[in-house]
Amino acid sequence: MSESSRQLAEQLQERFGDTLHAIIDSIGEVTVEVAGDDLLEVAAALRDEDRFGFEILIDVCGVDYANYGQDEWATEETSASGFSRGVEATTPGRMTAVLEDLVVEKARASRRFAAVYHLLSVRTNRRLRIRVFAPDDDLPVVPSVIDIWSSANWFEREAFDLYGILFEGHPDLRRLLTDYGFVGHPFRKDFPLSGNVEVIYDAEKQRVVYQPVSIEPRVLVPKVIRAHQVEAVDLASKVETPEGAEAEEAADPS
């Protein structure tokens with residue numbers, strides 16, 4: 001931890017105490033975790049108090065922690081030749097729910113959705129992240145900070161569009177990047193990579209129409225190309241001639 005991060009962490013702990021659920025130092029920056037009910041009070045203090053002075057909100061990001069830390073790849077025992085193939089369908093993109101008994105209620109990991117606020121203090125040249133988890137995974141809601149930092153307007157709209165996180169108190173929470181009538185939130189882990197519909201131009205109707213997606217759902221996987229799988233061709237080698245062709249060429253000087 002750098003000296004600047006240590007001083008900031010001490011100031012945050014002294015000022016907010018148990019209001020902060022966690023103080024984390026990562027890659028040279030401090031992240032604090034607060035509850036949604038305390039967000040506006042903490043954010044206002046971070047902006048207005050002289051010892052903090054975080055007057056600029058750089059970004060607001062949504063995060064989906066579904067299956068966080070899980071993958072379909074044997075990364076622990078991988079060799080220098082590459083990753084093994086994924087053999088167990090564990091990620092949400094596989095849509096394993098359709099193969100399960102939907103009647104039986106299963107325990108789910110809580111704290112799936114979070115909003116992360118990136119702050120900058122120009123006066124002290126320090127950065128800070130605030131992470132707020134939505135208490136309800138089915139209807140993720142966190143307070144809007146637009147009255148504290150007006151730049152949060154489109155950032156929160158983007159997080160709502162891509163993750164479905166609702167920002168309570170936002171005056172105009174509409175989709176920002178997806179098309180009109182778009183169904184779902186494309187950055188959620190359980191959203192199919194191929195999407196649900198595709199857009200084509202219908203020559204008969206003479207307009208753009210939606211239709212069910214025509215490609216098969218799949219999970220993106222890294223591709224490893226090994227040397228023995230590549231057919232190498234030495235272009236500098238001498239081209240072979242049919243048997244006897246060299247003798248005929250020598251006999252016919254023309």
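This structure is a prediction, so every number in the text was calculated from the model and none was measured.

Caption draft 1: Up close: the overall build of the protein. When helices and strands are tallied, the protein shows four helices and nine strands. Tracing the protein from N to C terminus, the helices and strands come up as α-β-β-α-β-β-β-β-α-β-β-β-α. When burial is assessed residue by residue, the protein has 32% of its 254 residues classed as buried. As displayed, the protein has an accessible area near 17300 Å², and 53% of this comes from carbon and sulfur atoms.

Caption draft 2: Molecular detail of helix 1 (residues 3-16). Taking 1.5 Å as the rise per residue, helix 1 with 14 residues should run 20 Å; its terminal C-alpha atoms sit 20 Å apart, in good agreement. Taken together, the buried positions of helix 1 are occupied by Ser-5, Leu-8, Ala-9, Leu-12 and Phe-16. For helix 1, the angular spread of buried residues about the axis comes to 100 degrees, placing them on one side. Of the surrounding secondary structure, the elements contacted by the buried residues of helix 1 are strand 1 (20-26), strand 2 (29-34), helix 2 (39-48) and strand 5 (126-133). Following helix 1 by one or two positions, Gly-17 adopts a phi angle in the positive range, close to 55 degrees.

Caption draft 3: Local environment of the confidence of the model for the protein. In the predicted model, the protein carries a mean pLDDT of 80, and 69% of its residues have values of at least 70. Per-residue pLDDT stays below 50 along residues 229-242; that stretch engages in three contacts with residues further than four places along the chain or on separate chains.

Caption draft 4: Representation of helix 3 (residues 152-163) within the structure. Compared with the 16 Å implied by 1.5 Å per residue over twelve residues, the 16 Å span of helix 3 between its first and last C-alpha is a close match. Among all positions of helix 3, only Ala-152, Glu-156, Arg-157, Ala-159, Phe-160, Asp-161, Leu-162 and Tyr-163 are buried. Residues of helix 3 that are buried make contact with strand 3 (56-64), strand 4 (113-121), strand 6 (141-143) and strand 7 (166-168).

Caption draft 5: Representation of the nonpolar core in the model. Judged by nonpolar contacts, the single largest core of 34 residues is most densely connected at Leu-12, Leu-46, Tyr-117, Leu-128 and Ile-130. Residue assignment for this core shows that the elements contributing at least two residues are helix 1, strand 2, helix 2, strand 3, strand 4, strand 5 and helix 3. Per-element accounting of this core gives the leading share, five residues, to helix 2. When sequence neighbours within four positions are dropped, the list of residues in contact with Leu-128 reads Leu-8, Leu-12, Val-30, Val-32, Leu-46, Phe-54, Tyr-117, His-118 and Leu-119.

Caption draft 6: Examining the environment of Glu-29 more closely. Relative to the elements of secondary structure, Glu-29 occurs in strand 2. Each C-alpha atom of the pair Glu-29 and Arg-126 lies 8.3 Å from the other, and the pair is 97 residues apart in sequence. Beyond its immediate chain neighbours, meaning those up to four positions away, Glu-29 contacts Ser-5, Ile-24, Arg-127 and Arg-129. At 2.8 Å, the side chain of Glu-29 forms a polar contact with the side chain of Arg-129.

Caption draft 7: Spotlight on the side chain of Arg-157. Topologically, Arg-157 is positioned in helix 3. We note that Arg-157 is buried and unpaired, the nearest opposite charge coming from Asp-172 at a distance of 4.3 Å. Looking at Arg-157, its side chain comes within polar contact range of the main-chain oxygen of Arg-174, at 3.1 Å. Residue contacts for Arg-157: discarding those within four places in its chain leaves His-170, Asp-172, Leu-173, Arg-174, Arg-175 and Leu-176.

Caption draft 8: Just the packing of aromatic side chains, in detail. Scanning all chains against the criterion turns up five aromatic pairs. Taking 6.0 Å as the distance between ring centres and 25 degrees as the angle between the ring planes, the aromatic pair formed by Phe-182 and Phe-191 counts as stacked. A residue is classified by how much of its surface remains accessible, and Phe-182, at 29% relative accessible area, is partly exposed. Take Phe-191: its relative accessible area is 13%, and that puts it in the buried class. Through pairs of rings, three or more aromatic residues link up here, namely Tyr-65, Tyr-68 and Phe-133. Lying over the aromatic face of Phe-133, Arg-111 brings its terminal NZ or CZ to 3.9 Å of the ring centre.

Reading guide: rules and limits
- Going along each chain's sequence as written, the residues are numbered from 1 onward.
- It should be noted that, the model being predicted, local features are given only for residues of pLDDT at least 70 and side-chain atom pairs only at 80 or more, the latter also being counted only at that level, while totals for whole chains, interfaces and linings use all residues.
- Think of the side-chain values as coming from all heavy atoms in the structure, minus any hydrogens and water.
- Here a strand is any run of E in DSSP of at least two residues, a helix any run of H or I of at least four, and the numbering for each starts at the N terminus.
- Only protein chains enter the calculation, and the probe is 1.4 Å; a residue is then buried if its accessible area is under 20% of its type maximum, exposed if over 50%, and partly exposed in between.
- Accessible surface area values rest on a Shrake-Rupley calculation with a 1.4 Å probe, where residue burial reflects the displayed protein chains alone.
- By this rule the span expected of a helix is its residue count minus one, scaled by 1.5 Å.
- Throughout, the arc means the angular range of directions from the helix axis out to the C-beta atoms.
- Any two residues whose heavy atoms approach within 4.5 Å are treated as being in contact.
- Confidence scores labelled pLDDT are given residue by residue by the predictor and lie between 0 and 100.
- Buried Ala, Val, Leu, Ile, Met, Phe, Trp, Tyr and Cys residues that are joined via side-chain atoms within 4.5 Å together make up what is termed a nonpolar core.
- We call two N or O atoms a polar contact when they sit within 3.5 Å, provided that within protein one can donate a hydrogen and the other can accept it, with sequence-adjacent residues counted only if both atoms are side-chain atoms.
- In this tally, Lys and Arg are treated as positive and Asp and Glu as negative; His is ignored, and so are the chain termini.
- When a carboxyl oxygen of Asp or Glu lies within 4 Å of a side-chain nitrogen of Lys or Arg, that pair is called a salt bridge.
- Here a pair means two rings of Phe, Tyr or Trp (six-membered ring of Trp) with centres within 6.5 Å. Their orientation is stacked below 30 degrees between planes, edge-to-face above 60, and tilted elsewhere.
- Note on geometry: a ring has a charge over it if NZ (lysine) or CZ (arginine) is within 6 Å of the ring centre and within 35 degrees of the ring normal.

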